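Below, each chain spelled out in residue letters.
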Amino acid sequence: MRSEAGNSMIAAILGILFGALAILNYLFPLNHMPVPDGPHKVGFRSLEVTNPEPIGVSGISYSDSTKIRLDIWYPADEISGYERKGWIDNDPIIFEGFEIMTGYPKGLFEHLYRVRTNSFVDAPPSVNSSGWPVVILLLGWSSISELHTSLAESLASSGYLVAGIEHPGACAVVTFSDDSVYYFLGNDLLERLPEGNRENKLRFLSEYLSRDIDYVIEFLREMNEDTHSDFYGRLSMEDIGLYGHSGGGSVAIRYALSNEEVPMVLADPTLEGFTIQELVSGLSNPVLLMTSSEWESGVNGEFLSVVSKDSANSNYNLSISDMRHVDFAMVRNLSPLTYFFGETGRFMNKRDAVNYLDSAVKFFFDNIFFGRSIEALFKLSNSVPEFSLSEY
């Protein structure tokens, strides 16, 4: 009798332990980055770029930094002896920034440094290739560049240099080598700015942040021309593309208004703050517009519906069903609770969802910069039930 009772108790304890482990695994998953299929390994570096014209906004008592953080991913060959980068740096300040950004306790994010990426910190650039096109990542409001790690690795492994701009105040948190820290200014920033209506405030922000693109291009150009740099002669500075998500899409369009022909991937871009004439001009650049079902049902979809479809370029609209706006930034990988609470879409529960999104971007830029057939993008769309690709 005692033996049977003892066995039952052991079984109960084991059941509780396995149940607790299952819950912990659900709440704190290690969703490692998908392995990119390009021929190169991937290197990673975090750099600092001078912001020569920082602004101060008296109405919110804010003075901008004189620096911008720049994360770059690039083709590499030799990675032995170099540290594999964790997805999110193991820094309490970053987890505090995530707590501010999401409203979830920072403890839900403190395991993310253990998520494996395919990037190796400070690995030397590949010596066996050059002529790398540059793709600049323009982040959504409150995001950080690591939330686009999978896309950056996919492109870098295929011969691109990818540069993610983190502007202080516009990201969850930005830290610099001098230990200065800038937290996200908040989703209510537009209401707190002292002057102008909503459209004028959005215009002000997109115009200011679009200057970062020129600062970064000049920084990369100098790096490419510096004979002492290990990136010397590696980049093709005539081949520059933009990837903009949400508010970053707004920044990309603003930049395109004075830089015709720059190719762009716009993922759920913010279209408020532009006139119809400006949208006609900006969206006539070579564009892959990627739209979630959430975005299409909102005010941005209304703006797009009245934009002229006349364009000298063959532009594309990839509509994705069962997807939410934040899904372009890998938010589902932060915590499964984001789906449980309805913040992320069902599409992202697919095993290869991130790969599908990355491939769409890569096929578009491959067509622009390497002259490869755009049919790869159409074949991808035909193979993914949630994708619907059209030309405009």
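Just above, that's the structure.
Reading guide: rules and limits
Residues numbered from 1 in each chain as written. Predicted model: local features only at pLDDT ≥ 70, side-chain atom pairs only at ≥ 80, totals over all residues. Heavy atoms only, no water. Axes fitted to C-alpha atoms, helices over the stretch in contact; angles between N-to-C directions. Helix = DSSP H or I, 4+ residues; strand = E, 2+ residues; numbered from the N terminus. Parallel < 35°, antiparallel > 145°, perpendicular 65-115°, else oblique. Left-handed = near helix turned anticlockwise from the far one by under 90°. Contact = heavy atoms within 4.5 Å. Nonpolar A, V, L, I, M, F, W, Y, C, P; charged D, E, K, R; others polar. Pairing = 2+ DSSP bridges. Buried < 20%, exposed > 50% of the residue type's maximum accessible area, 1.4 Å probe, protein only. Salt bridge = Lys/Arg side-chain N within 4 Å of Asp/Glu carboxyl O.

Trainee: How should I be thinking about the packing of helix H3 (residues 149-156) against helix H11 (residues 353-370) in this particular structure?
Mentor: Across the interface, H3 lies against H11 with an axial gap of 9 Å and an inter-helix angle of 50 degrees. Classified by the angle their axes make, H3 and H11 are oblique. The two elements H3 and H11 cross, and the hand of that crossing is right-handed. Residues Ser150, Leu151, Ser154 and Leu155 of H3 touch H11, and the partners they reach there are Val354, Asp358, Val361 and Lys362. Of the residues belonging to the contact of H3 with H11, the class tally is 4 nonpolar, 2 polar and 2 charged.

Trainee: Whenever I open this one, the sheet that holds strand S15 (residues 387-391) confuses me. Can you help?
Mentor: Strands pair in a sheet through their backbones, by hydrogen bonds, and they do so in one of two ways: parallel or antiparallel. In spatial order, the strands read S5-S6-S1-S4-S8-S7-S11-S12-S13-S14-S15; together these 11 strands make up an open sheet with mixed pairing. With one partner strand each, in any of the chains shown, strand S5 (84-86) and S15 form the two edges of the open sheet. Within the sheet, the average angular offset between the axes of one strand and its neighbour, ignoring direction, is 25 degrees. In the sheet, strand S1 (residues 41-50) pairs with strand S4 (residues 67-76) via 10 bridges, with the strands oriented antiparallel.

Trainee: Quick question: what am I supposed to make of H3 here?
Mentor: Since there are 3.6 residues in each turn of an α-helix, residues three or four apart along the chain are aligned in direction. The element H3 is largely enclosed, with a buried count of 8 among its 8 residues. Buried within H3 we find Thr149, Ser150, Leu151, Ala152, Glu153, Ser154, Leu155 and Ala156.

Trainee: What am I meant to see in the pattern of salt bridges here?
Mentor: Opposite charge on two side chains makes pairing possible when the charged atoms of those side chains draw close. Under the counting rule described, the total for this entry stands at 22 salt bridges. Here arginine 69 ties to aspartate 71 by a salt bridge, and the two come within 3.2 Å at their closest N and O atoms. Taken individually, arginine 69 and aspartate 71 each receive the classification buried, so the pair is uniform in this respect. A salt bridge links glutamate 294 to arginine 324, with the nearest nitrogen and oxygen atoms 2.9 Å apart. Here glutamate 294, found in helix H8 (residues 293-296), pairs with arginine 324, found in the loop between strand S14 (316-320) and helix H10 (337-340); they are 30 residues apart in sequence, far enough to count as distant. Assessed through its relative accessible area of 32%, glutamate 294 is described here as partly exposed. On the basis of relative accessible area, arginine 324 is assigned to the partly exposed category, the value being 28%. Look at the salt bridges and you will find they share partners, linking Arg69, Asp71, Lys85, Asp89, Glu146 and Glu166 into a network.

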